[in-house]
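Listed below are the residues making up each chain.
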2 protein chains.
Amino acid sequence: MSFEKIVECVPNFSEGRNGKVIEKIADAFRVDGVKLLDYSADVDHNRSVFTVAGEPTELAEAVINAVGVAKDNIDLTKQSGEHPRIGAADVVPFVPIKNVSVEETVELSRFVGQQIATRHGVPVYLYEKSATAANRVNLADIRKGQFEGLSEKMKAEEWKPDFGNSEPHPTAGATVVGCRPFLVAFNVNLDTPDEEIATKIARRVRFINGGLRFVKALGVKLNSRNVAQVTMNLTDYTKTPVYAAFEAVKMEARRYGVNVIGTEIIGLIPQQALLDCVEYYLQIENFSSDKVLENNL
Amino acid sequence: MSFEKIVECVPNFSEGRNGKVIEKIADAFRVDGVKLLDYSADVDHNRSVFTVAGEPTELAEAVINAVGVAKDNIDLTKQSGEHPRIGAADVVPFVPIKNVSVEETVELSRFVGQQIATRHGVPVYLYEKSATAANRVNLADIRKGQFEGLSEKMKAEEWKPDFGNSEPHPTAGATVVGCRPFLVAFNVNLDTPDEEIATKIARRVRFINGGLRFVKALGVKLNSRNVAQVTMNLTDYTKTPVYAAFEAVKMEARRYGVNVIGTEIIGLIPQQALLDCVEYYLQIENFSSDKVLENNL
């Protein structure tokens, strides 16, 4: 790999309409040591999402700069859209990908949060694995009340930010930063058009109803193909591997005499998530990612 | 990847005892654009094997230089060992790994062969996928008679070398160069100590007895663990994938009531060989190696 260590970042900005601003943000990621993998903007949500990855130090600097661009160019007092938000740079999740631990990534997110507060005057909340209190783990809890309610919310001791002052930046609000696991989007297509069966399977395999710890699932119908699908988000593949979610769906499908006709991976997936599956299915005893030829180059 | 295109080379040199010579050869591979992954020498065989990989152009140059070092430092008129050989640099296989076709790799092997003849005065035979005649596909056929018989052998029209003169280099003999597929060494351990069962399974799955086209297999006993093993060489994983060989072993094992307790990958394996297995077992419809996050960096 050209990068020794790899961290991914998927920052969300509250601008989905002004192409010039979106490009200015994108430019912040076009630097050495960082790769801009993807970005897309939604007009209705008035929001843009960037997928970037790179060496931790270089990535951190690029992200801090991008948040500065957002602060200078997005005015939340004039912004509206369907998507809830408390900041110009709304949420900045960091994801450990390669040769980087969760602990290091939490540390990186703390550094970035502290720099955003210091350099840009935007208060920062740490969330997910970087959270400093139970009520700050979930993004929805932090974002409740949105930008418009933030000034009042921040007066409470429990909503004192992790970095910066206890009042929002006047136009850029606050930013939520943290480390979370990689999210794998994995869909399983069934040989039935019956959405109800997919829904029943989804309920069995997902965490919320007693299934696997890091599986979110829904049953949907793909009208174009006339097949039902179990659509899943695997929120921590290191603990609930892809093969475990897949085998759970097949196991539950059996009671309906339903078979899997295929699966889909949406977006990118870390190599390790796939290697965990090969290791399981081929029953490899002595496996490690060092066995992969390309990983030695 | 730091390398855009990757070719592997596994050259064999007829020196397994003189560490200074082996190090001189190794030094030829310590250059930009090339990575020396592994090298080992066998005293009894009096032979050393290098595993190197890199960008095609840089790799070719390093290999040509290494063959020159071997020519200058290994004298076959004084060399003996258990392993058959016709050259100081005996055989130089090139293996396409990433973003390189078989055709390009054949072309690369032809270039290297031509340069070895021109620069070092060592005649070259092309073998495997680079062979120019049916009797030159197999290394054993070319090497038959060894260095000692080479001068006589080369007088026959059918053994005129592909590059260089029809007589051996006086001390360095001739070199065999060509493109071959990556060889995956894959062993399957059974829940029986009965070597005979492993042998019967090996006979069923291997090409020579009617099994899969690119599988070589043997039954052996692992005394240290008291288990029988089917040990396989998969000589072209792009055509006989690892999962196909594995499932064939499991299918044959069933008739003996025998199960697989684990498998082993010996040495390195290209990422694609593993991705082909994930794609099969997870039944992924829209898969390509571009889905792997790291492959986009």
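Shown above is the structure to which this text applies.
What you see is a predicted model, and the numbers here were worked out from it, not measured in a lab. (Residues numbered from 1 in each chain as written. Chains lettered and ligands numbered in written order. Predicted model: local features only at pLDDT ≥ 70, side-chain atom pairs only at ≥ 80, totals over all residues. Heavy atoms only, no water.)

Caption draft 1: View of the relation of the copies chain A and chain B. Under the fitted operation, chain A is carried onto chain B by 0.0 Å of movement along the axis and a turn of 180°, and the coordinates agree to an RMSD of 0.1 Å. Seen this way, the second copy is the image of the first under a two-fold rotation axis. Taken as a fraction of all interface residues of chain A, those also at the interface in chain B reach 100%, which identifies the copy contact as same-surface. (Least-squares fit on C-alpha atoms with pLDDT ≥ 70 in both. Contact = heavy atoms within 4.5 Å.)

Caption draft 2: Here's a closer look at the pairing of strand β8 (residues 184-190) of chain B. Residues and elements named next belong to chain B. The buried fraction of β8 is high, at seven of seven residues. Judged by which residues are buried, β8 turns out to be covered on both faces: V184, F186, V188 and L190 on one side and A185, N187 and N189 on the other are all buried. Alignment of β8 against strand β10 (residues 227-234), held across six bridges, turns out to be antiparallel. Looking at the pairing, F186 lines up with M232 of β10. Here β8 pairs with strand β11 (residues 260-266) via six bridges, running antiparallel. Bridge pairing in β11 links N189 to G262. (Buried < 20%, exposed > 50% of the residue type's maximum accessible area, 1.4 Å probe, protein only. Helix = DSSP H or I, 4+ residues; strand = E, 2+ residues; numbered from the N terminus. Pairing = 2+ DSSP bridges.)

Caption draft 3: View of the packing of helix α7 (residues 242-253) of chain A against helix α8 (residues 271-281) of chain A. Residues and elements named next belong to chain A. Between α7 and α8, the least distance of the axes is 8 Å, while the angle of their chain directions is 60°. Relative to α8, α7 is oriented oblique. Of the residues in α8, those in contact with V242, Y243, F246 and E247 of α7 are A273, D276, C277, Y280 and Y281. (Axes fitted to C-alpha atoms, helices over the stretch in contact; angles between N-to-C directions. Parallel < 35°, antiparallel > 145°, perpendicular 65-115°, else oblique.)

Caption draft 4: Here's a closer look at the sheet that holds β11(B). All names here are of chain B. Spatial ordering of the open sheet is given by β9-β10-β8-β11, a layout of four strands whose pairing is antiparallel. Sheet topology places β9 (215-222) and β11 at the edges, where each strand pairs with a single neighbour. Along the sheet, successive strands turn relative to each other by an average axial angle of 20°, direction set aside. For β9 and β10, the ladder comprises eight bridges, and the chain directions are antiparallel. Each bridged residue has a counterpart across the sheet, and for K221 the counterpart in β10 is A228.

Caption draft 5: Structural context of the interface of chain A and chain B. Contacts between the two partners involve 47 residues from chain A and, on the opposite side, 47 residues from chain B. When chain A packs against chain B, the two sides together hide about 4100 Å² of surface, and 65% of this comes from carbon and sulfur. Counting every contact that joins chain A to chain B gives two salt bridges. One can count 28 residue pairs in polar contact (both at pLDDT 80 or more) joining chain A with chain B. (Buried area = accessible area lost by both parts, 1.4 Å probe. Salt bridge = Lys/Arg side-chain N within 4 Å of Asp/Glu carboxyl O. Polar contact = N/O pair within 3.5 Å; in protein donor to acceptor, adjacent residues only side chain to side chain.)

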